[in-house]
Amino acid sequence: MSGDERFRLRLATAAILFSLALAVVILRFHRLSELPPGLYFDGGSNGLDALQVLQGEHRIFFPDKSNGREWLGIYLVALAVSFFGQTELAVRLPTAVCSAGTVFAVFWLGRLLFGHDDEAGRATPWRGLLVGGAAAGFLTVSLSQTVLGRTAFRIQLLPLLLTLGLALLWWAWNHRVRHTGAWWQGALAGACTGLVAYSYTPARFTPFLFIFFGLTFVVSIRSRYLADSPSKKGLGHSLSFIHAPQLRKELKWVAAFACPAVLVAAPLLVYFVLHPEQFLMRANQLWLFDPSRSQETPLETLWGNVWGYLLNFGFRGDQNWRHNYAGRPMLHPWEMCLFWLGAAMSVWRWQQRPSHRLLLIWLGVLILPAILAVDHTPPPNTVRIIGALPSVYLLIGVGLWESFRFLRDRFFPDSEAKGAISAAALVSCLVLVQGLVTFRAYFQEWAAAPELKEAYETIWTDLAHGLNEKQSTTDDVYLIGVISNYAWHHEASMHHSFEFLYTGDAPVRIIQATTMHNLAPKIESALAALEEFSTVHYVDWDNSLVGGNAHSDRLVSIILEKYGRYLESESHDGFQIHSYGDIDLSHPWTLYDHLEPMTVHYDGGISLHGFALGQGSGQLSLNQHFDLDGDRSWWAAMQWQTAPDLESVFSISLRLHDGEGGVVYQQDAVLENFETSPTNRWQAEEPVETLHFLAFPSDLSPGEYELRVVVYDFESQKPTVEIGVWEAEKTLTRMKVGELE
């Protein structure tokens, strides 16, 4: 290569690196502390474990949260937290850095893989530059990788370390060919590859990548050995190639790579030997051939996965808003065409080109974790194939090179420089256009999508920031009710993102009750466990955002007002905070003192066994006279029981009748237990309590009134009748409305 050509090559390389760096800074780091809009549960788990590391608790594997996680990502988050504190930026920054690093690792690997002709052994630096530059460029401006590269997932460690390990291995291999004895480079590649085990669960498939790729060389050596010795084709001679000098020499080189890799990964391997149940912790939840997870159709599910991931390369995208934008395909149309062309040409050149074999084996092995998993949404799941993505974009680079060769031979046969300039200009335009589209799609469209609030559970991030801004002390305590949309809660558990981000002094307690009756004791128990407090603040979620139960919020307020004194309320975006003082813990807490016994058996398979009526924090005796000008907000507690195999969803109609039998107030509601399950999902013959709030009209005339109930099928609207009476309406209580004295 002449000096001028080397200068042009270096100039082109510098220009590509500068462009990649600029694009990476914009798409991976711009507004990183703001977007995504919240810290997802898994990101909070990483943050909490990072805090434990900073407090001196060191582990090789963290099994307690998010189905178990390897240590490397946790320690990187701990390093970021030590600089940036308990913030979203601290948890997202390691992910963004790894995503950015993968871009440059792909560029390097592309140059190494295709910078030399595998057949002729001559240098082909421009081919390597084009393949590596195009792969890295398209990876940088990928919309799905922009979304994933900014979300606080440890998954970005896998493509970074695997790409670096393969690049170092290829660099060492090429160096060995030219300079014998450079074993330290192979050892460095092995050490980097060993770190892959500490990145992300699908990394456990990477040994198969190296084994299968190595076997292709063994087969190649055997073929050449037999071709050179035609007389040695018997069974014994077919096995004698194992002792060939060339293979023994290669095995020494393989050992120089494999031994450091195994040594680096050994601590985790030993840990899993001692804790085998943790090795398959996540796999047991997703294993496709578990009939209970694939509806006893594993082969059909397997084919659906294969087809879904084939469609991922240009036809159908990930539906998860944390992974992608509105299900858009991972590859743009021109990327799709180049990818499939690159894959086809790699299959065509499988035998002659090790670089092409590597990309195909890489893609096939690292897509297996996704294909063998059952997901709650249709495939693809971009997270599960993250380890294969560098090979996808390198195959795009291969397809681009093949397209360039085809066009060059037809349009620029006598001027390779013009062909190269034209190809570079075309690729630059495509990357630039896609980068602008990605910037607009992510920072303007995706960032404003309402789906992100649920996808990233932003209410917990907002709550943590809101409480951090309040002037609270250890004399205060916050109570947070469980939200119905977030079924991950366990007893007394808290959202990990909130736990990580909340830095206030006041203790926070989660209140979770499975029935209406045990809610008051749960609140009392949570408060009694505190040594000292003066004020209780209850977080009342905006149910339009979280799909919560408005009745449970009002019930908590009633209980706290019954055993304390209401102070004030504060409104925030997404929630309110109600404050109570003078809390009385001297006797057990209950919503109502007792249920009035009542036995009503309906022919539809449901029975009413108890009833209580209250106003505010007090329970009233039935048939009680109440004040015209008083608070008209009442609550009614009812106890039910269902027969086995009940399929109907029942509703009730609570009706207030005047003395002449006319209906002056009516409220209808589907019967739901405290976990918002309808009657067909109740446990048969188990008592279930329901709560209903009544707002009687303020202009009721003095006189006698009856509160009656009608139970009816929600779908057919047909009432069920009381057995033995055969009437649909049942009188619950009689009341009087009188003038103030």
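Preceding this section is the structure that the text describes.
Moving on to the overall build of the chain. Within the chain, the secondary structure is distributed over 25 helices and 17 strands. Across the 741 residues of the chain, 51% fall into the buried class. A separation threshold of at least 6 residues defines the contact pool for the chain, and within that pool the share at least 24 residues apart is 73%. Entry remark: accessible area of the chain is about 33800 Å², with carbon and sulfur atoms responsible for 58%.

Overall, the coordinates contain 31 aromatic pairs when judged by the stated rule. Measuring from ring centre to ring centre gives 6.0 Å for Trp460 and Phe498, while their planes differ by 65°; the resulting arrangement is edge-to-face. Within this pair, whereas Trp460 is found in helix α21 (residues 458–469), its partner Phe498 is found in helix α22 (residues 496–501), the two being separated by 38 residues in sequence. You can call Trp460 buried: its relative accessible area is 0%. The buried category is assigned to Phe498, whose relative accessible area is 1%. A centroid spacing of 5.3 Å and a plane angle of 85° characterise the contact between Tyr665 and Phe696, whose relative ring orientation is edge-to-face. Taken as a pair, Tyr665 in strand β14 (residues 663–670) and Phe696 in the loop between β15 (688–695) and β16 (703–713) lie far apart in primary sequence, 31 residues in all. For the pair Tyr665 and Phe696, one class covers both residues: buried. Three or more aromatic residues link up through ring pairs in this structure, and these residues are Phe439, Tyr442, Phe443, Trp446 and Tyr456. When the ring centre of Phe279 is taken as reference, the NZ or CZ atom of Arg204 above it lies at 4.7 Å.

So, on to the pattern of salt bridges. Counting across every chain of the model gives 19 salt bridges. Between Asp375 and Arg384 there is a salt bridge whose closest N-O contact spans 3.1 Å. Residue classification places Asp375 among the partly exposed positions, given a relative accessible area of 26%. For Arg384, a relative accessible area of 11% gives the class buried. Between Arg708 and Glu729 there is a salt bridge whose closest N-O contact spans 3.0 Å. Of this pair, Arg708 sits in strand β16 while Glu729 is found in strand β17 (residues 729–738), placing the two residues 21 residues apart along the sequence.

Here we take up the packing of helix α1 (residues 3–29) against helix α5 (residues 125–140). One way to put it is that α1 packs onto α5 with a least axis distance of 10 Å and a crossing angle of 10°. Comparing the axis directions of α1 and α5 gives the class roughly parallel. Judged by residue contacts, Glu5, Arg8, Leu9, Ala12, Thr13, Ile16, Leu20, Ala23, Val24, Leu27 and Arg28 of α1 engage Pro125, Trp126, Leu129, Gly133, Ala136, Gly137, Leu139 and Thr140 from α5. Classifying every residue of the contact of α1 with α5 by side-chain character gives 12 nonpolar, four polar and three charged.

Bringing the packing of helix α15 (residues 333–348) against helix α18 (residues 389–411) into the picture now. Two numbers describe how α15 lies on α18: the axes approach to 7 Å, and their chain directions differ by 85°. In terms of orientation, α15 lies roughly perpendicular with respect to α18. Here Glu335, Leu338, Phe339, Leu341, Gly342, Ala343, Met345 and Ser346 of α15 lie close against α18, whose contacting residues are Val392, Tyr393, Leu395, Ile396, Val398, Gly399, Leu400, Glu402 and Ser403. A per-class count over the contact of α15 with α18 returns 11 nonpolar, four polar and two charged.

Note the cis peptide between Leu35 and Pro36, where omega equals 5°. Here Pro36 shows up in the loop between α1 and α2 (41–54). The linkage connecting Pro379 with the following residue, Pro380, adopts the cis geometry, with an omega of 15°. Its place among the elements puts Pro380 in the loop between α17 (368–371) and α18. One non-glycine residue with positive phi stands out, namely Ser66, at about 50°. Within the secondary structure layout, Ser66 lies in the loop between β1 (61–62) and β2 (69–70). One non-glycine residue, Gln717, lies in the positive phi region at around 65°.

Parameters at a glance
Residues numbered from 1 in each chain as written. Predicted model: local features only at pLDDT ≥ 70, side-chain atom pairs only at ≥ 80, totals over all residues. Heavy atoms only, no water. Helix = DSSP H or I, 4+ residues; strand = E, 2+ residues; numbered from the N terminus. Buried < 20%, exposed > 50% of the residue type's maximum accessible area, 1.4 Å probe, protein only. Contact = heavy atoms within 4.5 Å. Areas by Shrake-Rupley, 256 points an atom, 1.4 Å probe, with all protein chains shown as cover. Phe/Tyr/Trp six-rings, centres within 6.5 Å; stacked < 30°, edge-to-face > 60°. Lys NZ or Arg CZ within 6 Å of the ring centre and 35° of its normal. Salt bridge = Lys/Arg side-chain N within 4 Å of Asp/Glu carboxyl O. Axes fitted to C-alpha atoms, helices over the stretch in contact; angles between N-to-C directions. Parallel < 35°, antiparallel > 145°, perpendicular 65-115°, else oblique. Nonpolar A, V, L, I, M, F, W, Y, C, P; charged D, E, K, R; others polar.

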